[in-house]
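What follows is each chain in one-letter form.
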Amino acid sequence: MRIIGGKYRSRVLAEFAGEDVRPTSDRAKESLFNILSLKLYGARVLDLFCGSGALGLESLSRGAKEAVFNDFAKDSLAIVKKNLSALKIPVNGDEAKLSNADYSVCLESARGEFDIIFIDPPYRFDYGEKALKTIAQKGLLTENGVAVYERDRPFEGEIEGLEKYDERKYGKAYITFFRRK
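Residues numbered from 1 in each chain as written. Predicted model: local features only at pLDDT ≥ 70, side-chain atom pairs only at ≥ 80, totals over all residues. Heavy atoms only, no water.

(A) Region of the structure containing the overall build of the chain. Across its full length, the chain holds five helices and seven strands. Overall, the chain shows an N-to-C arrangement of helices and strands of α-β-α-β-α-β-α-β-α-β-β-β. A compact globule built from 181 residues would reach a C-alpha radius of gyration of about 16 Å, and the chain, at 15 Å, matches this within 12%. Projecting the C-alpha coordinates of the chain onto the three principal axes gives extents of approximately 40 × 35 × 30 Å. Across the 181 residues in the chain, those meeting the buried criterion constitute 50%. For the chain, the proportion of contacts with a sequence separation of at least 24, taken over those separated by at least 6, is 62%. Accessible surface, the chain: about 9,300 Å² in total, of which carbon and sulfur atoms supply 46%. Here the chain contributes 30 positively and 28 negatively charged side chains, and the mean placements of these two sets differ by 3 Å. (Helix = DSSP H or I, 4+ residues; strand = E, 2+ residues; numbered from the N terminus. Rg over C-alpha atoms; globule rule 2.2 N^0.38 Å. Buried < 20%, exposed > 50% of the residue type's maximum accessible area, 1.4 Å probe, protein only. Contact = heavy atoms within 4.5 Å. Areas by Shrake-Rupley, 256 points an atom, 1.4 Å probe, with all protein chains shown as cover. Lys, Arg positive; Asp, Glu negative; His and termini not counted. Charge placed at Lys NZ, Arg CZ, Asp CG, Glu CD.)

In C-alpha cells:
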C-alpha cells in the first residue's frame, strides 16, 4: 500500500497482515482522490474508521490542512502512528489528530465541521448508515463538504439531511458520495 499523489507520493505505508483487513484498492483510491481533488486543499478531514490511515494520509499528502484519524482498534492507531512517523508528521500536532473511540462516540464528541468525512467501516456491520445519520443530525459537514461511504453493495434508501449525489463501483467496493441538502 502506498500514497498515490501529492507531496508524499510513492511513499510505502505500513499495513496490517492477514486477510481480515480490507484496504481501499489503489485503483479505487486514485479515482476517489481525482473526484475529490478540488475539495482537498486546506480541507479538514475525518477518517472515521481509519484502519492504517491511508485515506487521511492521502488527504494530507494532497494538501488537506488537518486529518483526524479515528479507530476503535488500538492496533489500527499504532499503524497510523507508525505511518505518521515515517512521513515525519507529528502525532496530535496541527496536521494529524488521533482518536481511539467507537465511531458513534467520535461523531458525538466532534467539534466543528469537516470538509471531507471518510466512512469505511467493516462491511459486515451497519455502522455506515448510522454514522451518516449522526453526521446529518449534528451538522458535521461544511456547506460544500462531502461524506464518502465505502461498502460492498450499492446504497439504497435516504438519509434525512443528506443527499446522495454520486456512486461508483470499483471491484467489489461501492463508493457513495453524500452532501448536505
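(B) Quick peek at the packing of helix α1 (residues 26-40) against helix α2 (residues 54-61). Closest axis-to-axis distance for the α1/α2 pair is 11 Å, and the angle between their directions is 45 degrees. With respect to their mutual orientation, α1 and α2 come out oblique. For the element pair α1 and α2, the recorded crossing hand is right-handed. Of the residues in α2, those touching α1 at Lys29, Leu32, Phe33 and Leu40 are Ala54, Leu55, Glu58 and Ser59. Classifying every residue of the contact of α1 with α2 by side-chain character gives five nonpolar, one polar and two charged. (Axes fitted to C-alpha atoms, helices over the stretch in contact; angles between N-to-C directions. Parallel < 35°, antiparallel > 145°, perpendicular 65-115°, else oblique. Left-handed = near helix turned anticlockwise from the far one by under 90°. Nonpolar A, V, L, I, M, F, W, Y, C, P; charged D, E, K, R; others polar.)

(C) Examining the packing of aromatic side chains more closely. In this structure the tally under the stated criterion is eight aromatic pairs. When the centroid spacing of 5.8 Å and the interplanar angle of 45 degrees are considered together, the rings of Phe33 and Phe118 count as tilted. Here Phe33 is found in helix α1, whereas its partner Phe118 is found in strand β4 (residues 114-119), with 85 residues between them in sequence. As far as burial versus exposure is concerned, Phe33 and Phe118 are alike and both buried. Aromatic side chains Phe155 and Phe178 sit 5.1 Å apart centroid to centroid with 85 degrees between the ring planes, which places their arrangement in the edge-to-face category. Placement of Phe155 in the loop between β5 (141-151) and β6 (162-170) and of Phe178 in strand β7 (residues 173-180) is noted, with a sequence separation of 23 residues between them. Residue classification places Phe155 among the buried residues on the basis of a relative accessible area of 4%. These aromatic residues form a ring-pair network of at least three members: Phe49, Tyr103, Phe125 and Tyr127. Cation over ring: Arg44 sits above Phe114, and NZ or CZ is 4.2 Å from the ring centre. Residue placement shows Arg179 over the ring face of Tyr165; its charged tip is 4.3 Å from the ring centre. (Phe/Tyr/Trp six-rings, centres within 6.5 Å; stacked < 30°, edge-to-face > 60°. Lys NZ or Arg CZ within 6 Å of the ring centre and 35° of its normal.)

(D) Structural detail: the pairing of β6. In the sheet, β6 pairs with β7 via eight bridges, with the strands oriented antiparallel. Across the sheet, Lys169 pairs through a bridge with Tyr174, a residue of β7. Connecting β6 to the antiparallel partner β7 that follows it, the hairpin turn spans two residues, and Gly171 within it adopts a positive phi of roughly 60 degrees. (Pairing = 2+ DSSP bridges.)

Fair warning: the whole summary comes from geometry, so function is off the table for now.
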